[in-house]
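In case you want the letters, here they are:
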Amino acid sequence: MWGESAFENMQGGFLPTNSDPFGAGTQGQPGQPGQQANRTKMQNMMPVTLAMIHKAEHLESENKFTIGGISFSQVSVVGIVRNVEVNNINITYEIDDYSGPTMEVKYWLDGPDGGEGMAQEQQIARNQYVRVCGPVRVFQAKRSVIAFRILPVEDMNEISRHMLEVKFVHLVLTKGEKKQPAALGGAPSSNSAGFDSGLRGLNQQVAQLIGSCREDIGMHIRGICDQLKGVPEAKIRQAIDFLSSEGHIYSTIDDDHYRSTDGA
Amino acid sequence: MDSGYTRVNGSLMGNFAGKKVCLLGKVKTVSPKGDSFVLNTTDNMNINVRLNSPLDTMLEGYIEVVGHSTNRTEIICDSYVLIDPAITTAFDPKTYNKAVELFSKNNSCYIQDAN
């Protein structure tokens, strides 16, 4: 890999050259955008609707399909079987998920499990909901899906689930990951750093209050009691003892003033 | 490209008057002549479904209807699929309802009528 380009241009193979179009000798070199030394196929499977497959951009040279800039190699679709055609080498299904035109899905019978698989696949009938997983193919401008797996839907909830998955993945990929609200962790941990300190309930509230105080001498316990009206002072002292022993806070000028060890 | 049928629930019917829609619901009543039936949707609305040809089979349980909506409470049915009761035993209509609402918000995931 390094050897050829080194001998070709006698520069040790470190510098980008025209004779090295695949960038095999230039890994780690800046200024070589778009050249991938790694030629492995992408293995991502995207939950999609048939309309998305029809609308996806197809890069002929690399046989890549992209939606919104994200490329995928396999798809997962949930739809109704409109038609079934069986022959010796494959079964062709026509799948409809109401999003647009129907799509042809081919299931090849020469796979390792072709023999037994066939008995199972023959149970897929018209007007039955199925899930199809597999790559997309284009032939003479007609798109189709090869079914690596085609399974009958056993629970109607799969349809709701697929719709949500499609929408979610589509939004995440086109708009980027939104910052998850910290509340998703099960207990509100609205620490400004978004870090879940693992504290719950009163301990967390006290820690938060003390953390919000930026004074050198820290927060007086009186201040904490005022903020957490309705909580007896004894409980607050307990929380403070716990937090202090865990190392979240420390006492400053006296036993009534505490400061947080976290953050700035 | 042929447009698809947008999945709707009872309340969304109003937004799609005249358009191609897909409605999932439970068969509530069938007209005596068999040329229409009433569907109860996942958001508990009753939609009237008019058929092109009278029914020749008994309809009950969950059914998926595709067709054109004429107004907020009626669909002219192009075709329907009677859902196998075996797969609807644990069906959660609320989740489906929410999924439909989210899905129909913009049409990036399906092909809509050009108008």
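Residues numbered from 1 in each chain as written. Chains lettered and ligands numbered in written order. Predicted model: local features only at pLDDT ≥ 70, side-chain atom pairs only at ≥ 80, totals over all residues. Heavy atoms only, no water.

Chemist: Pulling in residues and values, what's your account of the packing of helix H4 (residues 157-175) of chain A against helix H1 (residues 93-103) of chain B?
Modeler: Interaxial distance between H4(A) and H1(B) falls to 9 Å at its minimum, and their mutual angle equals 30 degrees. In the packing of H4(A) onto H1(B), the handedness of the crossing is left-handed. Where H4(A) approaches H1(B), its residues Ile159(A), Ser160(A), Met163(A), Leu164(A), Val166(A) and Lys167(A) are matched on the opposing element by Thr95(B), Tyr96(B), Ala99(B), Val100(B), Leu102(B) and Phe103(B). Of the residues contributing to the contact of H4(A) with H1(B), the split by class is nine nonpolar, two polar and one charged. (Axes fitted to C-alpha atoms, helices over the stretch in contact; angles between N-to-C directions. Helix = DSSP H or I, 4+ residues; strand = E, 2+ residues; numbered from the N terminus. Left-handed = near helix turned anticlockwise from the far one by under 90°. Contact = heavy atoms within 4.5 Å. Nonpolar A, V, L, I, M, F, W, Y, C, P; charged D, E, K, R; others polar.)

Chemist: So what's going on with the side chain of Ser36(B)? Residues and values would help.
Modeler: Residues and elements named next belong to chain B. In this structure, serine 36 sits in strand E3 (residues 36-41). For serine 36, a relative accessible area of 13% translates into the label buried. Serine 36 has contacts with Val30, Ser31, Asn48, Val49, Arg50 and Leu51, leaving out every residue within four places of it along the chain. (Buried < 20%, exposed > 50% of the residue type's maximum accessible area, 1.4 Å probe, protein only.)

Chemist: Mind laying out the packing of helix H5 (residues 201-212) of chain A against helix H7 (residues 233-246) of chain A, listing which residues take part and the relevant values?
Modeler: Residue and element names in this part refer to chain A. Relative orientation of the contacting elements H5 and H7 amounts to 75 degrees, with a least axis distance of 9 Å. Between H5 and H7, the crossing angle belongs to the class labelled roughly perpendicular. Two secondary-structure elements touch here, H5 through Leu202, Asn203, Val206 and Ala207 and H7 through Lys235, Ile236, Ala239, Ile240, Phe242 and Leu243. Of the residues contributing to the contact of H5 with H7, the split by class is eight nonpolar, one polar and one charged. (Parallel < 35°, antiparallel > 145°, perpendicular 65-115°, else oblique.)

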